[in-house]
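# Chain and residue survey
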Amino acid sequence: MATVILRKAQANDLEQITAIEHSVQPVPWSRNGLFSEFSTNSVIFWVLSPTSSLSKVIGYICFRMIVDEVYLSNIAIADKYQRLGYGSFLLKNALNFWKNRGIERVTLDVCKQNHQAISFYARNGFFFVCPPDKLKGKFCLMAMKLFQE
Ligand SMILES: CC(C)(COP(=O)(O)OP(=O)(O)OC[C@H]1O[C@@H](n2cnc3c(N)ncnc32)[C@H](O)[C@@H]1OP(=O)(O)O)[C@@H](O)C(=O)NCCC(=O)NCCS
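Structure report, in brief. (Residues numbered from 1 in each chain as written. Predicted model: local features only at pLDDT ≥ 70, side-chain atom pairs only at ≥ 80, totals over all residues.)

## A few points about the site of the ligand
The ligand sits among 19 residues. The nearest are Gln 82, Gly 87, Ser 88, Ser 119 and Phe 120. Counting only elements with at least two residues in the shell around the ligand, the list comes to strand S4 (69-77), helix H3 (86-100) and helix H4 (115-123). For the shell around the ligand, a count of residues per class yields nine nonpolar, eight polar and two charged. (Near = placed C-beta within 6 Å. Helix = DSSP H or I, 4+ residues; strand = E, 2+ residues; numbered from the N terminus. Nonpolar A, V, L, I, M, F, W, Y, C, P; charged D, E, K, R; others polar.)

## Some points on the environment of Ala 122
Mapped onto the secondary structure, Ala 122 falls in helix H4. Taking the C-alpha atoms as reference, Ala 122 lies 9.6 Å from Ala 143; in sequence the two are 21 residues apart.

## A few points about the sheet that holds strand S7 (residues 139-145)
Consider a sheet: its strands pair through backbone hydrogen bonds, and that pairing is either parallel or antiparallel. The strand order S1-S2-S3-S4-S5-S7-S6 describes an open sheet built from seven strands, whose pairing is mixed. Two strands close off the open sheet at either side, each with one partner strand: strand S1 (4-8) and strand S6 (127-128). Both S4 and strand S5 (residues 105-111) contribute to a ladder of two bridges, which runs parallel. Counted as the bridge partner of Tyr 71 is Thr 107 from S5. (Pairing = 2+ DSSP bridges.)

## Brief notes about the pairing of S7
Note that S5 and S7 share seven bridges and pair antiparallel. Within the sheet, the bridge partner assigned to Arg 105 lies in S7 and is Lys 145. As defined by bridge partners, S6 adjoins S7 across two bridges and the pair is classed as antiparallel. Each bridged residue has a counterpart across the sheet, and for Phe 127 the counterpart in S7 is Ala 143.

## Concerning the nonpolar core
Formed by 33 residues in total, the largest nonpolar core has its most connected members in Ala 9, Ile 17, Trp 46, Val 47, Tyr 60, Ile 61 and Ala 94. For this core, the elements supplying multiple residues, two or more each, are helix H1 (14-24), helix H2 (31-39), strand S2 (43-50), strand S3 (59-66), S4, H3, S5 and S7. (Core = buried A, V, L, I, M, F, W, Y, C linked by C-beta atoms within 7 Å. Buried ≥ 20, exposed ≤ 12 C-beta atoms within 10 Å, placed from the backbone.)

## Considerations on the environment of Ser 52
Positionally, Ser 52 belongs in the loop between S2 and S3. For Ser 52, a count of 9 C-beta atoms within 10 Å corresponds to the exposed category. Sequence-wise, Ser 52 and Ser 73 are 21 residues apart; in three dimensions their C-alpha atoms are separated by 28 Å.

## Let's talk about H3
For H3, with 15 residues, the first-to-last C-alpha span of 21 Å sits near the 21 Å given by 1.5 Å per residue. For H3, the complete set of buried residues consists of Gly 87, Leu 90, Leu 91, Ala 94, Leu 95 and Trp 98. Down the axis, H3 shows its buried residues gathered within 125° of arc, on one side only. Residues Asn 96 and Asn 100 are exposed on H3 and point more than 90 degrees away from its buried face. Looking one or two places after H3, you find Gly 102, whose phi comes out positive at around 85°. (Expected span 1.5 Å × (residues − 1). Arc of directions from axis to C-beta.)

Spatial relationships are all this shows, so hold off on functional conclusions.
Structure representation (structure tokens):
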């Protein structure tokens, strides 16, 4: 894994974010959807860049604050950087950020067919709130407790 940093997404990252979104997400958000996400006050939108090329985006993550919980609304790593630990690095740093702010629980929805993402989340400590086969829709809810009881 190359040395990387997490930084706040900026308007001039939007082209690269949209390109990654459309190349790796099973159901990609539109450019406008991504733009509105990172223009929203309650959203934290970070990108991952190599320290050797700070304007390059190799992945991103966004979260929404919902009352006293945090909802992970999107995460992606560019295809050629996948399975090298960048996704886990991004997620762990983001979860630490929320833990340091006293947030107790993080939730997310993931498409039941997205086995790659489900495996990734489970590997990083998320659990199913309800078993997927008990749910009717396309998505299932996963959660993580940042403080153990
Ligand atoms: C999910 C995602 C962010 C993971 O990023 P990553 O950098 O590849 O993840 P890491 O390298 O940190 O972790 C790898 C683990 O994720 C899971 N994983 C990643 N790619 C996988 C694949 N193609 N098939 C199965 N599991 C996969 C595995 O558990 C893997 O561990 P392993 O290599 O020991 O089997 C990335 O695969 C991605 O961008 N997917 C497309 C976007 C997406 O589906 N986002 C989630 C929307 S809810």
